[in-house]
Structure formats: structure tokens, C-alpha cells
Amino acid sequence: MRIENELKLGFKDVMIRPKRSTLKSRSQVSLERNFNFVNSKKQWSGVPIIAANMDTVGTFEMAIALSKDKIITAVHKHYTLEEWTAFLANQPYSIYDYIALSTGIGIGDEEKIQQIVNAHPKINFLCIDVANGYSEHFVDFVKKMRGFFPDKTIIAGNVVTGEMVEELILAGADVIKVGIGPGSVCTTRIKTGVGYPQLSAIIECADAAHGLGGHIISDGGCKIPGDIAKAFGGGADFVMLGGMFAGHDESGGEIVEENGKKYRLFYGMSSQTAMDKHSGGIAEYRASEGKTVKVSYKGAVAETVKDILGGVRSTCTYVGAAQLRELSKRTTFIRVSEQENQIFGG
Ligand code: 5GP
């Protein structure tokens, strides 16, 4: 047994220190970024936010809505080839910049992405997602996919430490998904005791990835736009959102009404609900480490996007970053023991 004594930080442990700025208004801030991916050699530009590959978030409807703001949707892995074909038949060419095809690492998963990519070769982003990205089998799968798809941009995760980020980039991934345990419907920390405070994971993993020309996604734990700004400030190239995109018209999840109030179900991808729905109730390699919650119905996701982008733009003006790219360089975090004033509720 060993103890690491250095304190690791989450979003709630810091605030961003304001800095002198020459920016006059938020309208001067650009949230678009350009990336060159290290292994696929592809270029991308857009707003580096990603809707999570959960079936209550990463839907085709969400992809259509978010692509209008140049935001990516990691489309969940449960759509069939036929559903993909029907979806893509009427979409503009630009949709390929804003969708990722998600997959697990089972034999069935492998066959399915081969079929979908063969039928739709313009799909560029592949998101290879497992709860625990530390297994050798996962690294081998990433290598295999890189071999099959030399020019696809491969997202792989989840991990939380620099050495594993490096290993995955060397195995052929372009963008590493970072986060174990911070998710809003995740119970991994409760069930297993395993995890890593998200802001420190971002800072350490970004450093490792950038050293090799790779990129990272901060995945999970953002509750408010300020958390997204902190993730970018810590060095995340992309930020993935689940809970913040749940409960909308475009989200999946059963609609329920209670006492005249509308809700949508939102659940973790390894919750009992997801397993009952997709794996006939039989627990797969992911044990049940997710919860099911009711999220108040929030209307169109476009309104939430405005709120998020407005918040992050404002962060940029507070530190004098004319472009999102500059935010991390201009970020000084201060450690705090308080956040917002809760007197009138959270
Ligand atoms: P959120 O933005 O809701 O805080 O976090 C979303 C992320 O939570 C997802 O992108 C995914 O990484 C993670 N997640 C989704 N479902 C589950 C689950 O059932 N268990 C765990 N451990 N994590 C989950």
C-alpha cells in the first residue's frame, strides 16, 4: 500500500482568478478551435464540446440540434446500421464534422462498427468507450481499430492518469477521454472507491497528451457552465457533457409526468435501467455502476447551449482570452473553500 499525499482538485476546489483584459465585450470572444489530430492527421474546427455517448443524450436528434452550433455529438452505440443509414440520408455533408460513432470493445461491437463505417465511410470520429480504460485488452482494441481505420479520428477512454494517456496515444488514439467517477449518474466511486478528482485528472492528462501532440476530452462532472470553463482552463481540449444535456426535447429517456410537472428519465450507461434495456438485464463486463434519475424537462437544447456558450465566453472576457484556445494559458486557479452563495437555494 502507498499513499500519495499531494492534494488533487475537483471543480469545486477552485475558482478562476480574473485578469486585466483589453476585451470590450463577450461578442469579441471566439469559442471555435482548430485541431490537427496526431494519428488520423485530420483537421477539425468547431466548438469543442461533445454530447456524451449515452442513449439519453447522444441521440440523432441531439446531433442535428448541436451541429448547428458546431458542437459534436458522440452518438450512442445502440443505433442499428439501418437507423444510421436512415439518419444520414437527409443530413447535410457538414454533419460528419459533428458526429462520432461510439463503440464498446466486444466482438459484436467490432463487427457493428465495421459495417457502419463501411456503409458510411465519411464518418470521421470513432469513440471507443469503456468504463475502465486500463485493461490491456482495451489498448489492443485501440491498436486494432487504428489498423483497420488509418484515417479515422479515434477517441478512446476512459482513463485519468498521464501514463495511460500516453499509452493510448501511442496505440493509435488521437483524443483521450478523461474521467473516472465524476459523472452525474455514475456510482463508480460508491461501488468501488476508485476515482480521481476531475480537475487534477484534466491538468495531468492534458500535459501528457499535449507532449505527444494528442488531445484530451474532460468527460463528466460538469454541473454548471463555470465547470466547463474550469475544464478548459485546466487544459481540456474538449469537454463532454451528459447531465447538462439531459432532459431536453432532443434527449432520449422516457417522459414522465408527476403532479403536472414533466420529467425525462436519465440514466448511467451501466445502470440497471440501461442494462435491462440493452442487455436483457444481464450485467455485462460493466457491473451496475450507474443510477437512474428524473430530470426536469428543459425544452429545446438550443437554450441550454446559449447559456453554456454565454458562460464560457464570459469567462474568457474575465481573463482576457479573445479565443478559447488562450483560456488555459490565461488561467490561474485559486484554491478556495467556498463557491457560490447558496442563501436562496442552489
Ligand atoms: P455528466 O456530464 O453527466 O456528469 O457525466 C457524463 C459521463 O458519465 C459520461 O460521458 C460517461 O463517461 C459517464 N457515465 C455515463 N454512464 C455511466 C455509468 O453508468 N457509470 C459510470 N461510472 N459512468 C457513467
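Since the model is a prediction, treat every value here as computed from it, not as a measurement.

(A) Geometry of the nonpolar core. With 103 residues, the main nonpolar core has Ile49, Trp84, Ile216, Ile228, Phe238, Leu241 and Phe245 as its most contacted residues. With residues up to four places along the chain from it excluded, the contact list for Ile228 reads Cys222, Val239, Leu241, Met244, Ile308 and Val312.

(B) Region of interest: the side chain of Thr304. The residue Thr304 is located in helix α10 (residues 301-319) in this model. Taking relative accessible area as the criterion, Thr304 reaches 16% and is therefore assigned buried. When near neighbours in sequence (up to four residues on either side) are disregarded, Thr304 contacts Met244 and His248.

(C) Seen up close, α10. Counted at 1.5 Å a residue, the expected span for α10 with its 19 residues is 27 Å, and the 28 Å between its end C-alpha atoms agrees. For α10, the full list of buried residues reads Val301, Thr304, Val305, Ile308, Leu309, Val312, Ser314, Thr315, Cys316, Thr317 and Val319. Elements in contact with the buried residues of α10: β1 (14-16), β4 (49-51), α1 (60-67), α8 (225-233) and β11 (238-241). Just downstream of α10, Gly320 is the residue with a positive phi angle, here 80°.

(D) Structural view of the pattern of salt bridges. Enumeration over the complete set of coordinates arrives at 12 salt bridges. Glu204 is the partner of Lys8 in a salt bridge, and the nearest nitrogen-oxygen pair spans 2.7 Å. A residue pair is termed long-range when its members are at least 10 positions apart, and Lys8 in the segment before β1 and Glu204 in helix α7 (residues 198-211) qualify at 196 residues. Salt bridges sharing common partners tie together Glu6, Lys8 and Glu204.

(E) Fine view of the sheet that holds strand β14 (residues 292-296). Strand order in the open sheet formed by 3 strands is β12-β13-β14, with antiparallel pairing between adjacent strands. The sheet terminates laterally at β12 (255-258) and β14, the two strands that pair on one side only. Looking at each pair of strands side by side, their axes are set apart by 40° on average, direction ignored. Note: β12 against strand β13 (residues 261-267), 4 bridges, orientation antiparallel. Pairing of Glu258 across the sheet is with Lys261, part of β13.

(F) Examining the UniProt feature "binding site: K(+)" (unreviewed entry) in the chain more closely. The positions UniProt marks with the feature "binding site: K(+)" (unreviewed entry) are Gly181 and Gly183. Here Gly181 shows up in the loop between β9 (175-178) and α6 (188-192). According to the relative accessible area criterion, Gly181 is buried, its value standing at 13%. Non-local contacts of Gly181, meaning those with residues more than four positions away in its chain, are made with Cys186, Thr188 and Arg189. Mapped onto the elements of the fold, Gly183 is located in the loop between β9 and α6. Among residues more than four places away in sequence, those in contact with Gly183 are Gly220 and Gly221.

(G) Spotlight on the environment of Ile334. Note on placement: Ile334 falls in strand β15 (residues 333-335). Along the sequence, Ile334 and Asp13 sit 321 residues apart, while their C-alpha atoms lie 8.3 Å from each other. The residues touching Ile334, leaving out its near neighbours within four places in the chain, are Asp13, Val14, Met15 and Arg17.

(H) Up close: a negative patch on the surface. Among the surface-exposed residues, Glu136, Asp140, Glu163, Glu166, Glu167 and Asp207 lie close enough to one another that they form a single negatively charged patch. At the level of elements, α4 (136-148) and α5 (162-170) are the ones that each hand at least two residues to the negative patch. Looking at which element gives the most residues to the negative patch, the answer is α5, with 3 residues.

Thresholds, definitions, all that
- Residues numbered from 1 in each chain as written.
- Predicted model: local features only at pLDDT ≥ 70, side-chain atom pairs only at ≥ 80, totals over all residues.
- Heavy atoms only, no water.
- Core = buried A, V, L, I, M, F, W, Y, C linked by side-chain atoms within 4.5 Å.
- Buried < 20%, exposed > 50% of the residue type's maximum accessible area, 1.4 Å probe, protein only.
- Contact = heavy atoms within 4.5 Å.
- Helix = DSSP H or I, 4+ residues; strand = E, 2+ residues; numbered from the N terminus.
- Expected span 1.5 Å × (residues − 1).
- Salt bridge = Lys/Arg side-chain N within 4 Å of Asp/Glu carboxyl O.
- Pairing = 2+ DSSP bridges.
- Axes fitted to C-alpha atoms, helices over the stretch in contact; angles between N-to-C directions.
- UniProt positions renumbered as here; feature names shortened; annotations may be inferred.
- Patch = residues over 30% accessible without salt bridge, like charges linked within 9 Å, V, L, I, M, F, W, Y side chains within 5 Å.
- Areas by Shrake-Rupley, 256 points an atom, 1.4 Å probe, with all protein chains shown as cover.
- Lys, Arg positive; Asp, Glu negative; His and termini not counted.
- Charge placed at Lys NZ, Arg CZ, Asp CG, Glu CD.

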